[in-house]
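Examining the three-dimensional arrangement
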Amino acid sequence: EAETERYRQMSQAVVDALIEIPGIEVTVTHDEYNYLIPMALISFTSAWNGPSRDEINDRMGLGDPPIYLHTLGDPDVLAVDPINLDDRELETVIRRLREELLGQA
């Protein structure tokens with residue numbers, strides 16, 4: 001239970017950092033089928049006019065450090081899986097996501 005709560009808090013930190021970016025919806029999702037631990041889901045809405053999910057995911061993987069996000073499922077959704085992240089790494093993921101989503105990379 002404590003571990004699940006920790007992952008929920010980490011996922012909520014992602015939501016809090018990205019929630020005001022226009023054209024995306026960011027939520028914490030946790031279910032017994034697709035998201036076995038709490039994850040932050042970034043959904044690209046019809047109002048999104050930036051790079052595609054795949055372009056952002058590719059850029060994150062090519063950055064320094066390379067960051068790999070969860071891309072299974074809906075083609076308009078990226079997920080941050082906190083299972084192997086510590087607090088410092090989570091801050092790096094959030095910073096890089098903001099750069100990519102806001103076109104500052």
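See above for the structure.
Residues numbered from 1 in each chain as written. Predicted model: local features only at pLDDT ≥ 70, side-chain atom pairs only at ≥ 80, totals over all residues. Heavy atoms only, no water.

1. Here we look at the overall build of the protein
Each helix and strand in the protein was counted, giving three helices and three strands. If you list the helices and strands of the protein from N to C, you get α-β-β-α-β-α. For a compact globule of 105 residues, the expected C-alpha radius of gyration is about 13 Å, and the protein comes in at 13 Å, within 12% of that figure. Across its three principal directions, the C-alpha atoms of the protein cover 40 × 30 × 25 Å. For the protein, with 105 residues in total, the buried portion stands at 40%. Here the analysis covers contacts within the protein between residues at least 6 apart in sequence; of these, 56% occur between residues at least 24 apart. Accessible surface, the protein as shown: approximately 6,300 Å² in total, 47% of it carbon and sulfur. (Helix = DSSP H or I, 4+ residues; strand = E, 2+ residues; numbered from the N terminus. Rg over C-alpha atoms; globule rule 2.2 N^0.38 Å. Buried < 20%, exposed > 50% of the residue type's maximum accessible area, 1.4 Å probe, protein only. Contact = heavy atoms within 4.5 Å. Areas by Shrake-Rupley, 256 points an atom, 1.4 Å probe, with all protein chains shown as cover.)

2. Considerations on the packing of helix 2 (residues 53–62) against helix 3 (residues 87–101)
Direction vectors running N to C along helix 2 and helix 3 enclose 135°, while the axes themselves pass 10 Å from each other. As judged from the angle between their axes, helix 2 and helix 3 are oblique. For the crossing formed where helix 2 meets helix 3, the hand is right-handed. When helix 2 is examined against helix 3, the residues Ile56, Arg59 and Met60 are found in contact with a partner set consisting of Val93, Arg96, Leu97, Glu100 and Leu101. Along the lines of polarity and charge, the residues of the contact of helix 2 with helix 3 split into five nonpolar, no polar and three charged. (Axes fitted to C-alpha atoms, helices over the stretch in contact; angles between N-to-C directions. Parallel < 35°, antiparallel > 145°, perpendicular 65-115°, else oblique. Left-handed = near helix turned anticlockwise from the far one by under 90°. Nonpolar A, V, L, I, M, F, W, Y, C, P; charged D, E, K, R; others polar.)

3. Comments concerning helix 1 (residues 2–18)
Under the 1.5 Å per step criterion, the end-to-end length of helix 1 is 25 Å for 17 residues, consistent within 8% with the ideal 24 Å. What helix 1 keeps buried is the set Tyr7, Met10, Ser11, Val14, Val15 and Leu18. Axial view of helix 1: buried residues confined to an arc of 150°, hence all on one face. Away from its buried face, by an angle of more than 90 degrees, helix 1 presents the exposed residues Ala2 and Asp16. Packed against the buried residues of helix 1 are strand 1 (24–29), strand 2 (39–44), strand 3 (77–80) and helix 3. (Expected span 1.5 Å × (residues − 1). Arc of directions from axis to C-beta.)

4. Here we look at unusual backbone geometry
For the bond from Asp64 to Pro65, the omega torsion is 5°, close enough to zero to count as cis. Relative to the helices and strands, Pro65 is located in the loop between helix 2 and strand 3.

5. Description of the layout of surface pockets
As a volume, the largest pocket reaches approximately 260 Å³. Together, 16 residues line the largest pocket, and Ile67, Tyr68, Leu85, Glu89 and Val93 are the ones closest to its centre. Listed by contribution, the elements that provide at least two residues to the lining of the largest pocket are strand 3 and helix 3. For the lining of the largest pocket, the element with the most residues is helix 3, which contributes four residues. (1 Å grid on protein atoms, 1.4 Å probe; cavity = no way out; pocket = protein on both sides within 12 Å on 5 of 7 lines; lining within 4 Å. Points joined across faces, edges and corners; volume = space filled by probe spheres on them.)

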